[in-house]
Amino acid sequence: MRAARWLVRRAAPPEWRESIAGDLEEERMRRQATGRRAGELWALAAALGSVGELWLESWRGDTMRGNFGAIFGGLLSDLRVAVRSLCWSPGFTFAALAVLTIGIGAATAMFAIVHAIVLRPLPFDEPERLVAIGEVHHRLAAPGLSNLGSVAAPNFYDWQEALTNVDLAASTSATGFTIRDGDQPEELRALRATASLFEVLRVRPILGRTFTTEHEVQGNDRVAVISDGFWRRQFGGDARVIGRTLHVDSGTWEVIGVLPAGFAYPFGVEQPPDLFVPYVPNETARSRTASRNYNLRVVGRLRSGASVAQLDSEIRSVTAAVARAFPEWFADRSPGVLSLHEATVGRVRGRLFLLLGAVGFVLLIACVNLANLMLARATTRARESQIRAALGASRWRIARGVLAESVVLVLAGTAGGVVLAAWGLRALGSMLPATLPRVAAIQIDAGVLATAAVVALIVAIVAGLGPAHRASARETRLAVDAGGRSGIGRPRRTVGAVLVVAEVALAVVPLVGAGLFTASFRHVTNVDLGLDYRNVLTVSVAPRLTATGGDVQEPGLAGAQAIDDALTRLRMLPGVEAVAALSGGVPFSGSWNSSALTVGGTTFDDPDDRVQLRSVTPDYAKVIRTEVHRGRYVSEADVAGAPAVVILNEEAVRRFFGEQDPVGAVVQLRDAPRIVVGVVGDVRVRGPEEPVSPEAYIPWAQMPSASASVLIRTADDPTRLARDVSRIVLDVAPGVPVVPRTLESLVQRMVAPRELNMLLTSLFGVLAVAIATVGIHGVMAYTVAQQQQEIGVRIALGASPGNIMRMVLGRATLLVGAGLVLGGVGASVLAGSIRAFLFEVQPHDPAVFASVGIVIAVTGLAAAWIPARWAARVDPIVAMQRS
Amino acid sequence: MSPFSVTGLLGELQHLVLLAVVHQEPDAYAVSIRDEIESRTGIALRRGSVYVTLQRLERKGYVASAWGAPTPERGGKAKRCFTLTASGRRAIAAAETALACMKRTEPLRSSR
């Protein structure tokens with residue numbers, strides 16, 4: 001009965017309080033008299049039933065009275081008053097708006113990125129039925145890892161025929177394609193695809209038609225479906241494009257269709273394809289001859305009712321049958337199935353969610369800070385609330401005033417935040433690696449706006465509720481008599497202190513993340529790559545797309561005369577220090593040729609042991625500045641008829657020769673036996689985070705190739721020469737597509753994800769610390785202002801300014817210290833979860849934690865310094881007069 | 001002008017409570033009203049509903065309340081007693097007329 005009485009006393013409307021209490025008492029007596037149970041629980045339930053409905057009634061009271069104008073009028077006037085009173089205190093308003101804009105802006109921008117890349121379904125009809133199929137190399141297979149490798153053509157055709165749960169389509173990676181409609185050849189990306197690609201993805205052309213299986217026949221295959229972008233760029237969006245021909249030096253292609261603007265496939269490629277042409281493999285590619293070429297990207301649409309798991313088990317049993325007949329095709333790999341969404345975003349999701357988490361901390365700190373600012377304001381306005389209460393305003397009425405201010409602030413802050421996010425995304429757009437899937441689709445759309453609105457609502461409620469409660473609390477009313485002097489007692493200061501500790505603790509976490517990512521990035525960029533990648537321009541000459549759809553057999557740069565001509569002319573360009581040709585994959589480009597190596601009767605054919613094979617001209621060592629450790633490098637004397645030679649790197653020597661001197665030994669590589677004539681230093685051609693591979697260098701003249709690259713070392717910025725270099729290469733090998741890139745940009749691309757992690761977490765960390773600093777400053781300044789009399793008394797009693805400053809700073813130190821300890825504990829708990837994203841740095845790296853501690857301690861104390869100075873300068877006479 | 005046009009129609013619950021007040025006057029209060037309705041109709045209203053209904057009726061001006069004397073069996077707490085007002089009486093009459101009109105079986109010829 002005590003609880004019930006308490007409830008009625010606390011919660012019933014005053015005019016009902018006594019009668020309800022009496023009614024309850026009366027009913028209880030009656031029940032007891034009739035022998036029914038009337039215990040504590042009954043009373044509580046009865047009280048709750050009585051008061052609860054009255055509560056609800058008062059809540060919908062306005063609505064029930066049917067006067068909507070009154071409610072909204074009241075609301076509008078609340079908002080109007082809020083705007084006016086915010087204008088009266090520009091300092092508070094500016095601080096609150098800045099904090100909110102930053103918090104909501106950062107969160108909205110990051111969410112827009114995650115939304116576009118990870119959360120949104122793929123832009124196809126029934127996207128959940130799309131799957132990606134690949135061959136997973138056993139060495140790369142790890143649970144939860146989404147790296148499906150490319151598929152060999154014979155496997156694709158076997159699967160297409162045998163699988164009943166799925167319709168399959170395949171495409172190659174895009175190849176270069178030069179059209180010569182004007183004077184300037186234009187470099188395009190062409191994707192060879194099976195006709196089924198359009199059915200599987202369910203894409204309808206906006207003009208014309210797509211190609212069909214009839215076109216998958218040699219001689220009938222010279223048709224192209226072009227992308228919307230290319231159509232607009234090249235043909236100005238002319239509807240008469242259908243039937244026009246694209247002139248390539250190897251022939252002509254007829255445009256038969258234009259794809260819609262939103263069509264994007266494949267994802268995560270640097271340049272989306274401009275045109276799609278039929279994939280027509282020759283007989284050797286389809287048959288299981290000795291050479292295995294993994295070059296197809298396979299996508300499928302599940303037939304209705306089938307699941308990824310069913311398809312997975314089906315493809316395993318189908319493949320097992322093939323593997324019995326052709327064991328060598330599946331010795332080191334097995335088929336893998338993932339939903340297309342998973343295959344597209346799986347490898348970036350973790351990283352993006354991590355960044356979203358980091359931004360969440362910034363938003364939380366902004367929330368806490370706003371609550372803190374509002375609380376300080378509510379307390380300083382206690383007298384206003386008291387007067388309003390005395391004039392008959394209800395608690396709800398007073399709380400509404402405070403909530404209205406928080407709503408106005410959050411509305412303005414959200415508007416500012418969305419603008420900041422739009423601006424930030426534009427700035428960020430160029431920083432995001434193009435290999436991030438769907439990066440072009442990032443935008444602030446309705447979904448993002450809706451999320452921002454929900455976030456803002458939560459912020460408004462979380463930040464506004466505490467202060468609203470406090471403003472309307474009974475204690476403030478009781479403080480009327482105190483002359484406003486002690487209206488701010490311990491409780492308020494304690495709450496402020498708790499909020500500062502929370503802000504500091506919350507700021508530690510993203511800053512530790514930033515520290516760990518920065519350390520990782522530093523380690524990655526400090527890895528010795530074994531070459532000097534600065535000031536090197538590479539021009540890759542890709543094989544041409546020919547009428548037969550196969551790779552060219554034409555010489556390109558392979559002809560001895562062509563390469564000599566090109567190198568001689570390039571060497572004469574101003575600022576060029578050395579020039580070399582290379583085939584087999586430019587370092588860091590992600591492509592290489594590999595071969596098994598046989599030495600002394602042992603063949604090393606393990607995938608890990610296969611050597612990377614490159615044919616180079618003599619100056620290659622000079623261009624990339626690697627050192628010859630033993631013997632000699634490729635020389636001008638190593639011509640086609642001369643003895644076949646090879647130069648190995650240290651890693652190859654370590655693996656295949658151990659302690660023996662390899663120079664003079666004979667090794668078998670792919671084609672023929674070769675004499676090892678030299679050893680060069682290791683180059684981390686696969687990037688700084690990958691292990692060193694064994695490498696073999698062969699004289700260009702002894703193994704020329706149509707698919708080659710020219711590398712030019714220059715004295716200064718190599719991009720200046722890009723045009724001249726392209727022109728010379730085109731002169732020598734007309735019609736081939738050329739792509740100039742610097743070696744440095746290739747290295748940058750490899751470390752770009754880490755750089756992005758570092759930049760974004762650092763940005764979030766800095767924002768978090770900045771907001772927390774504002775919070776510390778605010779609370780300390782507030783405390784000093786409230787303690788003015790106390791400080792005045794102290795000074796009057798002989799305290800020196802130094803004493804006073806120490807007092808204020810001591811308090812700040814305590815708060816920051818407590819926040820650091822809490823945040824440190826939180827960060828060390830969370831740090832374990834980002835281990836997978838770090839490179840050669842431990843999640844609990846003491847140096848990172850220590851520097852974060854120092855940074856926050858210094859900025860925190862600096863923030864408290866100004867209020868401490870104010871405190872030290874308090875004039876005791878003025879302070880006493882105030883009372 | 002119909003009395004409903006200003007204050008709205010009587011809800012069923014309000015109607016019941018108003019009639020209970022009529023029977024209990026001048027000593028109608030929440031507990032007795034609830035008892036009256038339960039004993040006559042078998043409908044056991046929730047306590048809260050009775051309070052809310054009384055509050056609404058008072059706002060509409062159909063009932064008026066006054067404090068009764070505190071009694072010991074109520075733990076020394078006073079009752080809040082309700083009496084019907086003139087407009088409450090009119091509201092009952094109007095509601096019943098309206099119901100009666102609606103229940104009449106022969107169609108009304110438009111005579112107005």
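All values reported here derive from a predicted model rather than from experimental measurement. (Residues numbered from 1 in each chain as written. Chains lettered and ligands numbered in written order. Predicted model: local features only at pLDDT ≥ 70, side-chain atom pairs only at ≥ 80, totals over all residues. Heavy atoms only, no water.)

**Digging into the overall build of chain A**
The test is simple: Helix numbering and strand numbering both begin at the N terminus, where a helix is a DSSP run of H or I of at least 4 residues and a strand a DSSP run of E of at least 2. A simple rule labels every residue: compare its accessible area, found with a 1.4 Å probe on the protein chains alone, to the largest value its type can have, and call it buried under 20%, exposed over 50%, or partly exposed in between. The contact criterion used is simple: two residues touch if any of their non-hydrogen atoms lie within 4.5 Å.
A tally of helices and strands in chain A yields 25 helices and 25 strands. Every one of the 883 residues in chain A was classed for burial, and the buried ones make up 50%. Long-range contacts, defined as pairs at least 24 residues apart, comprise 81% of the intrachain contacts of chain A with a sequence gap of at least 6.

**Observations regarding the confidence of the model for chain B**
To keep things clear, this is the line we draw: As a per-residue measure, pLDDT tells how confident the predictor is, with possible values from 0 to 100.
Looking at chain B as a whole, its pLDDT mean stands at 83, while 88% of the residues score no less than 70. The low-confidence segment residues 1–6 of chain B (pLDDT under 50) makes eight contacts with residues lying over four places distant or belonging to another chain.

**Some words on the packing of aromatic side chains**
Using the following cut-off: For this analysis, a ring pair means two rings from Phe, Tyr or Trp (six-membered ring only for Trp) whose centres lie within 6.5 Å, classed as stacked if their planes differ by under 30 degrees, edge-to-face if by over 60, and tilted for the remaining angles. Over a ring means this: the NZ of a Lys or the CZ of an Arg is within 6 Å of the ring centre and within 35 degrees of the ring normal.
One pass over the full model with this rule turns up 12 aromatic pairs over all chains. Ring centres 5.2 Å apart and planes at 85 degrees place the aromatic pair A:F198 and A:F211 in the edge-to-face group. Highlighted residues: A:F198 in helix 7 (residues 196–201) and A:F211 in the loop between strand 6 (207–208) and strand 7 (223–226), separated in sequence by 13 residues. A:F211 carries the same exposure label as A:F198, and that label is buried. A ring pair is formed by A:F263 and A:F276, whose centres lie 5.8 Å apart and whose planes are at 65 degrees; its orientation type is edge-to-face. One end of the pair, A:F263, is in the loop between strand 9 (251–258) and strand 10 (275–278); the other, A:F276, is in strand 10, and 13 residues separate them in sequence. Each member of the pair, A:F263 as well as A:F276, carries the same accessibility label: buried. Clustering of aromatic rings is evident, with ring pairs tying together A:F124, A:F198, A:F211, A:F263, A:F267 and A:F276. Sitting over the face of the ring of A:W16, B:R80 holds its NZ or CZ atom 4.3 Å from the ring centroid.

**Some words on the interface of chain A and chain B**
Heads up, the rule is: Note: buried area is the sum, over both parts, of the accessible area (probe 1.4 Å) each one loses when the two are combined. The term salt bridge refers to a pairing of a side-chain nitrogen on Lys or Arg with a carboxyl oxygen on Asp or Glu at a separation within 4 Å. Polar contact is the term for a pair of N or O atoms within 3.5 Å; when the atoms are in protein, one must be able to donate a hydrogen and the other to accept it, and sequence-neighboring residues count only if both atoms are side-chain atoms. Only Asp, Glu, Lys and Arg are considered charged in this grouping, and only Ala, Val, Leu, Ile, Met, Phe, Trp, Tyr, Cys and Pro are considered nonpolar; every other residue, Gly among them, is considered polar.
In this complex, chain A contributes 23 residues to the contact, which on the side of chain B involves 24 residues. Here chain A packs against chain B, burying approximately 2200 Å² in sum over the two surfaces, 51% of which is carbon and sulfur. Summed over the shared surface of chain A and chain B, the result is six salt bridges. Between A:E27 and B:R47 there is a salt bridge, and its shortest N-O distance comes to 3.0 Å. Counting across the interface, chain A meets chain B through 12 residue pairs in polar contact (both at pLDDT 80 or more). Of all the elements in the fold, those that place two or more residues in the side of chain A that touches chain B are helix 2 (14–33) and helix 3 (40–64) of chain A. Residue contributions to the side of chain A that touches chain B peak at 13 residues, all from helix 2 of chain A. Tallied by class, residues from the side of chain A that touches chain B come to eight nonpolar, four polar and 11 charged.

**Section: the pattern of salt bridges**
In the structure shown here, the tally under the stated rule is 40 salt bridges over all chains. Its salt-bridge partner being A:R727, residue A:D724 comes within 3.3 Å of it at the nearest N-O pair. Of this pair, A:D724 and A:R727 are both found in helix 20 (residues 722–732), three residues apart, which corresponds to roughly one turn of the helix. Residue classification places A:D724 among the partly exposed positions, given a relative accessible area of 26%. A salt bridge links B:K79 to B:D27; the shortest N-O distance between them is 3.8 Å. Here B:K79, found in the loop between strand 1 (63–67) and strand 2 (80–84), pairs with B:D27, found in the loop between helix 2 (12–24) and helix 3 (30–41); they are 52 residues apart in sequence, far enough to count as distant. What makes B:K79 buried here is its relative accessible area of 13%. Overall, B:D27 belongs to the partly exposed group, its relative accessible area being 38%. The network of salt bridges with common partners includes A:D532, A:R534, A:E577, A:R625 and A:R713.

**As for unusual backbone geometry**
The step from A:Y265 to A:P266 runs through a cis peptide bond, and the omega angle for that step is -5 degrees. Among the structural elements, A:P266 can be located in the loop between strand 9 and strand 10. With an omega of 0 degrees, the peptide bond running from B:E25 to B:P26 counts as cis. Structurally, the position occupied by B:P26 is in the loop between helix 2 and helix 3. Positive phi, normally seen in glycine, also occurs at A:R202, with a value near 55 degrees. Checked against the element boundaries, A:R202 lands in the loop between helix 7 and strand 6. With a relative accessible area of 29%, A:R202 lands in the partly exposed category.

**Let's talk about a nonpolar patch on the surface**
Residue and element names in this part refer to chain A. Defined as follows: Like charges are joined within 9 Å and nonpolar side chains (Val, Leu, Ile, Met, Phe, Trp, Tyr) within 5 Å, but only among residues with over 30% relative accessible area and no salt bridge; these make up the patches. Here the open area of atoms and residues is found with the Shrake-Rupley method and a 1.4 Å probe, where only the protein chains shown may cover a residue.
Together, V454, I458 and V462 make up an exposed nonpolar region whose accessible area comes to about 270 Å². Locating V454 in the fold gives a position in helix 14 (residues 446–472). A residue is classified by how much of its surface remains accessible, and V454, at 48% relative accessible area, is partly exposed.

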